[in-house]
Every structure is written in structure tokens, then in C-alpha cells.
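Each chain, letter by letter, is given below.
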Amino acid sequence: MSGVWQLLRPRSVAVVGASADPAKTAGRPVAYLRKHGFEGRIYPVNPKAADIDGLRCYPDVRSLPEAPDVAIVLLGAERTQQAIRELAAIGTGAAIVLASGYSETGEEGARRQRELREAAGSMRILGPNTIGLVNLTDRITLSASGALAVDQLVSGGIGLVSQSGGILGALLSRATARGIGFSKLISTSNEVDLELADFVDALADDPATRVIALYVESIRNPAAFRVAARKAAQAGKPIVAFKIGRSESGAQAAASHTGALAGADGMYDALFEDAGIIRAQTFSDLLDLPMALACERPLNGRRIAILTSTGGAGTLVADCLGLAGFDLPAPDAQTGAALRALQTGDHAALDRNPIDVTLAGLQPDLLRGAIRIVLESDAYDALVVIVGSSAVAQPELMADALRDSLALNAKPVLAYISPHAPRAAEVLSRYGIAAFHSPESVSAALGAMWRVRARGSAVASAPPPAPEPVSCPERGSLDEARAKALFARFGVPGVREIVVRSPAEAQRAAVQLGPRVVLKVLSGEILHKSEVGGVAVNVAPEDAGPRLTQMAADVRRHTGQTPEAFLVQEMVSGAAEVILGVHRDPLGTAILLGMGGVVAELIRDTTLVLLPEDGTALTAGQVEAALRRLKTWPLLDGYRGRERADVPALVDAVLAFARMAQSLGDQLVEAEINPLFVKPLGQGVCAADGIAILGPGAGGFR
């Protein structure tokens, strides 16, 4: 049995520092283990007690009759170190350290945490500063969380890994009240040893877990996390992650705009997208989305039927679904006729969606009949039923009707509970029907189902191998001409341009490149040229010489530097402007794509694509999907009659730029093209401006 599974499914547990008082934190683990039906051996350790809850108590670790599979350590930080050393010495498989006072407290705590890891040796550690874990599948509660004080815990198909112990307890108590079942709940907290990736990997192998939910503060080992997430995806287990810390005090940009536009949170978006993880947008989503996905009823289309007896609630759900891009078609002729035959009178609105049926006071037979008709209709891919005020007094009425409908087919069936009816939500959840208290949650759940379906149906071709490492002889901040020459080496073409050093040369170059040109100062030190008067557009050839003289004076006034060289460029018009950059982060290296030009930071319409770390390169499909995530994608795709941009050439340019980043590796400190002109279809792309900073790295992606 591996260390992780020895922790998740132990046969023997030592509780070091156990208290005889179950009201105290140190008294809870033994009480919970016995209360919730742990069938293994329990060894309390406390020199001041002879027995605890009828169990023999041992004075110290060395007195234990065997090396336990797991030990829960309930001592303070200083005494914990010694206990961990003793547990490791007798061959304990894993230890759960609840004590705080480690890396979360600063430098001294970080030192103490390093010593804790050294004391453990080969023994695995969960924590420190953790609330522990709960294996509901096997009734194993290795935790001191007060949420375990309830009499009955609900087992289910959701595995939760949280980097916060308090959040673990909060989600467990909320889920229990709603009848939502977990398989495993693990609080990793400081992650001195075992971390998110270890438990995602384990839950991917767990037959009892159908969906994995993550509460993320930070990912300490991105490479291992990506591998574990892909393993879960291959096992058919969706992951839903809620990442805190989304707000930013401001990203620090260096020479380029890319750092400011990417931001720390944007990299988590890229990581989750790369790993096929659904990002929960709200904290409530972290429970709602896994609940819906755990029902394992595939959403094969976007046509949703809403069945309601209360018009207002039905309209609320319809509004949210419409905003999320779902279709709500009216019943087709056959479906409408079947519904009309079911209910007589003129009180029902059966020719529209939401389908408003009075249901004669919610008579069970009529209710079941309406649900059956809608589910069997070829016009719909899923059903949302509005649970009205009757759910307060008769929670089983709607729940029983919906439960009976599940056998009809595999279409998703969701419930929106309009009144405050917690008992109805609990009953529905226990029957395997996802029930929600807000219309936004219904929409988010169906959206998550659709993303799972879309990812599952995507045909993944074998990615190309990563390019061979190369090293560039240049160092430092390259001027624009040299930067674009570097980009061209890897396959990103630039605009036509000529380097000039005098007004006369500028005029001759403008005549050659005209009828109108762009004039720029050329310097490796002046990277934001427009801010110092170093850019002039739409310049006529006869004005190029005088304009260069004026530009030299403007730049000298702003910077104190006398420019020696300038660029004369062709004037490109009728093209879309895109920004393309390389962004490095502890989570990995990403390519930034977005709306470019001088308004790039104002518009801030960007997306990030994480570069692979498994010896492969980006694919055209990944780049195309990223472009379609942009709000401004329609501007590339022929918005309102404008010419479609040369997206195939743009995709090729992005792939070339990514190959450069992988080939140069850590030697490439920064790189950005802004703007990259994307001409009409068939006319290609060209880089109009560029930044590249090269360091002393050896080259090669890492």
C-alpha cells in the first residue's frame, strides 16, 4: 500500500496527544473515529490517562503495540517534532500534523517546518497546520473538524482536496445539510510533504470518486499538478477548482506590456485550461458544479427545457441560461400535443419555453407525465424543473416524480428550488438529482456539463515534438530591428523597413517604402518609444527628413539621450492588430495573445496558452481555441461585414513564436510583438514592433 493510500485507508491509527475530554479539540479524533464507524485499531497516546473512551491509552509512541499506518499528532509545534521523529523510528506509514506555527508564521516557522520534514525521514506527512482528512467511503475520520459532530455523514462521489482546513469543514457541513455526498475530503494546508498533486493522483485511481473538487491557494509543484490533472482527465473524472486570490494589486511589468496584461491569476486560468480543469467562478460553484457532474448524465446538446408551475422562477432560469448561450426552443408540435393531451383547460402555457404547466395542484401523475413527455422529446437535451412552493410542505412530491424520471433516459435533470425549502434540496440530492437555490447556479452547472462534454469529444491529435534547444549569441535588450530579425529567424515575418541615420537617408527610404511611412527612433534602451516622442505615423516621403530632425530633438528632451539611428517602415492599413508575448511565471511559461496596438493595456482582452513541459510543442488547435476565447475574436472573423483576417497565418506566427520561446528557454528573458498586423485572408501577418531581451542562459526550454 502506497504512503498516500495508507493515509487514506489505514487499518490502524495512533492519536498522539489524545484527550479524554471529547469536547476539546484533542479529544475529537478518537470520538469521531468511534462515532462514525472506523473498523480498524485505535491507539490513544497520552501519559496522563490510562484509557480514553474505553480504549487503552499508551504513555508514549515507543509503547505502542505496533507501528500504526497513520498517526494523528495533536501536540504543539515544539513537541510535535519529537513525536514525528519517534513515529518515523518505529515505522509509522504517515502522520497528520494539526499544529500551527510553521511556515505560515514567517521565517522562524519556516525553519521549524524544514526540521519537521527532516524528522519524518521516509514517513509521509499531511500538514502541518491541517485539520486532517475524512474518508467517507470507508467511514474513516482522521480529523478534529467540528463539522464531524453531526450524527450522519453522507457518502458520495465527490473527492475534495483543500489547502484550507476551515474550508474543508465549511464545505462538509454545507454538503451534509443539502444531502450532497463526498468520497474523500483532504486538507493539505502547508504541504511540507504531501500536496495537491499527490491527492489528485490518488483520487484519479479511486473507484468511489467520480468528480474532484479543489480549493486552491497556490500550486507549489505545477509540473506534478499538470501530470496528475491529466491522469484524472484520462480516467474520466472532471476537476473543478476554486482559486482564491483573484484580485491583484497590480502586475509588475518589465520592458513589455505582457507582464501587466498576463497577471498572476491569468496564469492559473492558463494552467487550468491546459489541464482540462473547470474553474469555479464563485465559492458556491465549488459545491454546485461537482454535485451536478457527479450525477454523470452527459449533456449532448445546448437545448434546454424548463418545466415550471411558477412563471417568475422559470423566467429567472431562462434569463440565466440565455445569457450563458443555451437554447430554449418552444415545444415542437409532437411534444406540445402530448402535453396538451395530459392537461385539460386553458391554464397552461404549452407553446413556449419555459413550459408553464399548472399541473392541477401538482398531482403526482400529471407531474410524472409532463416530465416524461419532455425528457422523451427529441427537441431537448436536458430538463430543468422549477420546484415551487409546494416543496416547503411536501418536499417528497417533486423529488419522487423526478427520481422516477431518471430511468427514462440519460439526459441531465436539474432542479431549481424557488422557495426556501432546504428539506427539498436534501431529498433531491439524496436521490441523485442536482438541486440549486439560485438560477445562476443552474446555468453554471449546465455550463460545466457542456465543457466536460466538449473536452471529451475533442479529437486530440498527437502534438509535435518540442524544438531542439538553441542559443543566441546576442545579449541584453535588442533594438527593434534586431528583435524582429530574431523573430524572423523562427518564422515570424516583419514589416518592410530600413534603418537610417540621417534626414537624407530617411527621405530616400520613405520614397522607397511610401506613399506613407512610419518613422521610429531605434534604440535598445528606449523600449516604449511613443512615450518619448519616438514614433510618427502617416508620414509623407517629403516630410520624413524634417520629421526625423524633430524626433531626435523630442527624444533628447525626454530622455537626455541623442538617438543615432531610426527606422522607416511601410505603413500597413486595413489589418487587425494583435499582441503576442512570452510570459514566465512559477507556474510555467505561457504565450500571451490579445488585442494589440496602443490600446492593448486599456482593452486588456488577452488570454494565455501554457507551453508544454513534456517534450512536445503547442498545436494549431490550442492556438485556435485561445483566439476564440478573446472577446474581440469576431474582429478577426469578419465582424459585421469586414474582411476576415488571415487567421491561419496568425496561428502559424503564434506557433513560430512559441517555438522560439521553447528553443531559447531561459535565455529569452522577455519577448513581445505589439502590434502583429493580421492582414485580410490570404495576405499573411507581419510584426510592426518588437521587444526582445536575452540573458546568459544556455538556451533550451525548461
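Values in this document were obtained by computation on a predicted structure and should not be read as measured data.

What counts and what doesn't
- Residues numbered from 1 in each chain as written.
- Predicted model: local features only at pLDDT ≥ 70, side-chain atom pairs only at ≥ 80, totals over all residues.
- Heavy atoms only, no water.
- Helix = DSSP H or I, 4+ residues; strand = E, 2+ residues; numbered from the N terminus.
- Buried < 20%, exposed > 50% of the residue type's maximum accessible area, 1.4 Å probe, protein only.
- Contact = heavy atoms within 4.5 Å.
- Areas by Shrake-Rupley, 256 points an atom, 1.4 Å probe, with all protein chains shown as cover.
- Lys, Arg positive; Asp, Glu negative; His and termini not counted.
- Charge placed at Lys NZ, Arg CZ, Asp CG, Glu CD.
- Axes fitted to C-alpha atoms, helices over the stretch in contact; angles between N-to-C directions.
- Parallel < 35°, antiparallel > 145°, perpendicular 65-115°, else oblique.
- Left-handed = near helix turned anticlockwise from the far one by under 90°.
- Nonpolar A, V, L, I, M, F, W, Y, C, P; charged D, E, K, R; others polar.
- Pairing = 2+ DSSP bridges.

Draft legend 1. Region of interest: the overall build of the protein. Summing up its helical and strand segments, the protein has 24 helices and 30 strands in all. Put simply, the protein has 702 residues, and 56% of those count as buried. Looking at the protein alone, contacts between residues at least 24 apart form 72% of all its contacts between residues at least 6 apart. Carbon and sulfur atoms make up 50% of the accessible area of the protein, which amounts to about 28,400 Å² in all. Seen as two clouds, the 68 positive and the 75 negative side-chain charges of the protein have centres 2 Å apart.

Draft legend 2. Structural detail: the packing of helix H6 (residues 196-204) against helix H7 (residues 222-234). Between H6 and H7, the least distance of the axes is 8 Å, while the angle of their chain directions is 15°. Relative to H7, H6 is oriented roughly parallel. Relative to H7, the crossing made by H6 is left-handed. Touching Leu-196, Ala-197, Val-200, Asp-201 and Ala-204 of H6 are Ala-224, Phe-225, Ala-228, Ala-229, Lys-231 and Ala-232, all from H7. A breakdown of the residues in the contact of H6 with H7 according to their chemical character gives nine nonpolar, no polar and two charged.

Draft legend 3. Representation of unusual backbone geometry. Residue Pro-128 is reached from Gly-127 by a cis peptide bond, and omega for that bond is 0°. For Pro-128, the location among the structural elements is in the loop between strand E7 (124-126) and strand E8 (132-135). In this structure, the amide linkage connecting Gly-514 to the following residue, Pro-515, adopts the cis form with an omega of 20°. You can see Pro-515 is positioned in the loop between helix H19 (503-513) and strand E22 (517-522). Residue Glu-191 is not a glycine yet carries a positive backbone phi of 55°.

Draft legend 4. Highlighting the sheet that holds strand E19 (residues 434-436). Reading across from one edge, E16-E15-E17-E18-E19 is the order of the five strands in this open sheet, with parallel pairing throughout. Only two strands of the sheet have a single neighbouring strand rather than two, namely strand E16 (355-356) and E19. Across five bridges, strand E17 (residues 382-387) lies against strand E18 (residues 413-417) in parallel orientation. Bridge pairing in E18 links Ile-386 to Tyr-416. Those strands touched by helix H15 (residues 395-405) are E17 and E18, and its axis lies near 170° from that of E17.

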